[in-house]
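Okay, here's what each chain looks like letter by letter:
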Amino acid sequence: MNPVSGNTTAHVPIARVDFGRVSVLFGEKNGKYPDGNQVLIRGSDIRAAFDTPLVSNYIGPEFDATELVVMGHVHEDHMTGLHRIPRAEVYVHEADLATIRSWDGMFAAYGNATRDASAMRAMLERDFFYAPRPDARGYADGATWDLGESRIRAFHTPGHTAGHCVLVVEPEGVAFIGDIDLSGFGPYYGDACSSLHDFRRSLARLPEIPAKIWVTSHHRGVYTDREHFLRDLAAFTAKMDAREQRLLAYLKASPKTLEQLVELRVLYPQGYESPWAVSAETRTIAQHLAEMVVDGKVKRDERGVYSAA
Ligand SMILES: [Zn+2]
């Protein structure tokens, strides 16, 4: 996909599925990053959208008529269509609000002070139509929006970002679970505002959120079978323990510093490089080490060298 701003129409047909007033329009490769899946709700009074992935730039009037955007969380790939709808009201969980309102807020949320901020911003503007949204408003856990005959309800599920939420449309029972994307990669908690601890709690809470249909931002797309959803959720959750086991294996081989563990990689293949890789690996591994120190599985000496307990 080669997105361009302005009055574009889709040059490939956009696959979609409809559940009552709720529609899911699939991004390229089933919404694989950098694209995503667009949820639109045709309320009897208000037309709403959940996030705005790249595909939103190809939908046309059906997206451009959006009056209300409720963000499940704030990351570059979820705010790409906001430039098309400057008059729409934009709501963000209060813990992600600073991220959407300014570039400084976004850069702080990513949390890599060594990265070249201006080069990164230029890349986001080029590839993701990045534009901050200083007019965005905050919401809290349990917030609701009435669209007429349907209603949106927010469930705070932090971890991926501090303000990540699951957004449920009633009465359809469609839950947009965002970047709890159930992908084979596993949970991502590599940003400064991410939390492994919170992610574990959010994954445990997810089955209790009342829903019949689950929609991920990326890749997996739509689940209509609860058993299938729960199976993939269990596999996704198990990725966190697999990472812990991998770190323990590294430390059983020999004691190592955080930097040495980052070199070995736990998220990405060894040798894989991206502007995010070292920062995300460092944040991810540091959180696992801290957890394992508390659990007594790992010891840290005064020089900052970790070993298996
Ligand atoms: Zn994200």
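Per an unreviewed UniProt entry, the protein chain is named MBL fold metallo-hydrolase, and its organism is Paraburkholderia pallida.

Would you explain the overall build of the protein chain in this entry?
Each helix and strand counted, the protein chain has ten helices and 16 strands in total. What you see for the protein chain is a C-alpha radius of gyration of 20 Å, in line with the 19 Å of a compact globule of 309 residues. When its C-alpha atoms are laid out on the principal axes, the protein chain stretches across 60 × 45 × 35 Å. Carbon and sulfur atoms form 52% of the exposed surface of the protein chain, whose accessible area is close to 13,100 Å².

So what exactly am I meant to see when it comes to the coordination of the zinc ion here?
Ideal geometry at a metal centre gives angles of 109.5 degrees when four donors are arranged tetrahedrally and 90 or 180 degrees when six donors are arranged octahedrally. For the zinc ion, the full set of protein donor atoms is His-73 (NE2), His-75 (ND1), His-160 (NE2) and Asp-179 (OD), and the range of their distances to it is 2.1 to 2.2 Å. Metal-centred angles of 90 to 168° between the four donor atoms at the zinc ion mark the site as irregular. Sequence positions of the residues that donate to the zinc ion give the spacing H-x1-H-x84-H-x18-D. Here His-160 lies in the loop between β9 (151–156) and β10 (165–170) and His-73 lies in the loop between β5 (68–70) and β6 (89–93), a separation of 87 residues in the sequence. For the pair His-73 and His-160, one class covers both residues: buried.

What exactly am I supposed to notice about unusual backbone geometry here?
Trans peptide bonds make up the majority, and among non-glycine residues the majority have a negative phi. With omega at 10°, the peptide bond leading from Tyr-33 into Pro-34 counts as cis. With respect to the secondary-structure elements, Pro-34 resides in the loop between α1 (28–31) and β3 (38–42). Look at the link from Glu-170 to Pro-171: it is a cis peptide, with omega at 5°. Here Pro-171 is to be found in the loop between β10 and β11 (174–178). At Phe-129, a residue that is not glycine, the phi angle is positive and equals roughly 50°. Using a relative accessible area of 13% as the deciding quantity, one classes Phe-129 as buried. Even without glycine at this site, Leu-182 takes up a positive phi of about 60°. Inspection of the secondary structure assignment puts Leu-182 in the loop between β11 and α7 (196–205). Looking at Leu-182, the relative accessible area reads 1%, which means it is buried.

Quick question: what am I supposed to make of the pattern of salt bridges here?
When their charged atoms lie close together, side chains carrying opposite charge are able to pair. Enumeration according to the criterion identifies 16 salt bridges in this entry. Residues Glu-170 and Arg-153 are paired through a salt bridge, measuring 2.8 Å at the closest nitrogen-oxygen approach. In this pair, Glu-170 is assigned in strand β10 and Arg-153 in strand β9, connecting sequence segments 17 residues apart. Classification of Glu-170 as partly exposed rests on a relative accessible area of 25%. Of the charged contacts, one joins Glu-291 and Arg-200 as a salt bridge, the two residues approaching to 2.7 Å between their closest N and O atoms. Of this pair, Glu-291 sits in helix α10 (residues 277–294) while Arg-200 sits in helix α7, and the two are 91 residues apart along the sequence. The structure contains a network of salt bridges with shared partners spanning Arg-200, Asp-241, Glu-244, Glu-291 and Lys-297.

What counts, and at which threshold
- Residues numbered from 1 in each chain as written.
- Predicted model: local features only at pLDDT ≥ 70, side-chain atom pairs only at ≥ 80, totals over all residues.
- Heavy atoms only, no water.
- Helix = DSSP H or I, 4+ residues; strand = E, 2+ residues; numbered from the N terminus.
- Rg over C-alpha atoms; globule rule 2.2 N^0.38 Å.
- Areas by Shrake-Rupley, 256 points an atom, 1.4 Å probe, with all protein chains shown as cover.
- Donors = N, O, S within 2.8 Å, 3.2 Å for Na, K, Ca; no water.
- Tetrahedral: all angles 85-135°; square planar, octahedral: opposite > 155°, others 65-115°.
- Buried < 20%, exposed > 50% of the residue type's maximum accessible area, 1.4 Å probe, protein only.
- Salt bridge = Lys/Arg side-chain N within 4 Å of Asp/Glu carboxyl O.

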